[in-house]
Amino acid sequence: AMNPPLAIVVPLTLLVALAAGRDLAERTVPNRMLAAALVLACLVQVWLRPSGWLVFATGALTGLLLFLPFYLLRGMGAGDIKLMATIGAFAGPILTLQIAAGTCIAGGALSLGYLSAPRQSGKSRMPYVPAIAMGTLSVLAWHLPRQGPA
């Protein structure tokens, strides 16, 4: 079982919570927030293991490439893609694949609710960062060490 250390879980939880709040309030994910998180992800990965820069790079690339087609097809905003790359930098490539799957499930569920809700004019696109946050947090929670009998 691959349990991510608290040095990954805590900043990643803060990042997706802050990003979701900003996306819901302002429909944007600040580049400054993502840049600061990327620097922190690199520092944490290198602190955790000598090959941390490789986990940082492959994770970021995984997060970027998985959702790039949706951005190119105008299904997602640039902030969504940059956030997934930043999540990948923290999580590494394997957890990022799981987070992407969780995000797609959460996004599907949220979009059903979004489509059935009355909308204000001018706000036609669903904010996707809450789905990314739900996918990330559910995968992190799944990997938390379990207490009690196995």
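Scroll up for the structure.
Residues numbered from 1 in each chain as written. Predicted model: local features only at pLDDT ≥ 70, side-chain atom pairs only at ≥ 80, totals over all residues. Heavy atoms only, no water.

Enquirer: When you look at the overall build of the protein chain in this model, what are you seeing that I'm missing?
Expert: Each helix and strand counted, the protein chain has 5 helices and 0 strands in total. Reading the protein chain from its N terminus to its C terminus gives the helix and strand order α-α-α-α-α. A compact globule built from 150 residues should have a C-alpha radius of gyration of about 15 Å, and the protein chain, at 15 Å, falls within 12% of that. Along the three orthogonal principal directions, the C-alpha set of the protein chain runs to about 50 × 40 × 25 Å. For the protein chain, the share of sequence-separated contacts (at least 6 apart) that also reach a separation of at least 24 residues comes to 72%. Accessible surface, the protein chain: about 8,500 Å² in total, of which carbon and sulfur atoms supply 71%. (Helix = DSSP H or I, 4+ residues; strand = E, 2+ residues; numbered from the N terminus. Rg over C-alpha atoms; globule rule 2.2 N^0.38 Å. Contact = heavy atoms within 4.5 Å. Areas by Shrake-Rupley, 256 points an atom, 1.4 Å probe, with all protein chains shown as cover.)

Enquirer: What's the story with the pattern of salt bridges in this structure? I'm lost.
Expert: Think of it this way: side chains of opposite charge can pair up when their charged atoms draw near. Summed over the entire model, instances satisfying the criterion amount to 1 salt bridge. For Glu26, the salt bridge goes to Arg22, with nearest N and O atoms at 3.2 Å. Placement of both Glu26 and Arg22 in helix α1 (residues 6–26) is noted, with a separation of 4 residues, approximately one turn of the helix. Judged by its relative accessible area of 45%, Glu26 is partly exposed. We classify Arg22 as partly exposed; its relative accessible area is 32%. (Salt bridge = Lys/Arg side-chain N within 4 Å of Asp/Glu carboxyl O. Buried < 20%, exposed > 50% of the residue type's maximum accessible area, 1.4 Å probe, protein only.)

Enquirer: Looking at this structure, I do not really get the environment of Phe67. What am I missing?
Expert: Position of Phe67 among the secondary structure elements: in helix α3 (residues 52–72). We classify Phe67 as buried; its relative accessible area is 2%. Phe67 sits 18 residues away from Ala85 along the chain, and the two C-alpha atoms are 9.0 Å apart.

Enquirer: What am I meant to see in the side chain of Thr86 here?
Expert: As for its placement among the helices and strands, Thr86 is situated in helix α4 (residues 78–116). Among the residues examined, Thr86 registers a relative accessible area of 1% and is labelled buried. When sequence neighbours within four positions are dropped, the list of residues in contact with Thr86 reads Leu15, Leu34, Ala37 and Leu38.

Enquirer: So what exactly am I meant to see when it comes to α3 here?
Expert: Across its 21 residues, α3 extends 30 Å between first and last C-alpha, which sits within 8% of the 30 Å expected from 1.5 Å per residue. Where α3 bends most, the angle comes to about 30°, and this point is Leu66, followed within four residues by the proline Pro69. Every buried residue of α3 is listed here: Gly52, Phe56, Gly59, Ala60, Thr62, Gly63 and Phe67. (Expected span 1.5 Å × (residues − 1). Bend = angle between axes of the 7 residues up to and from the residue.)

Function cannot be inferred from these measures alone, as they are strictly geometric.
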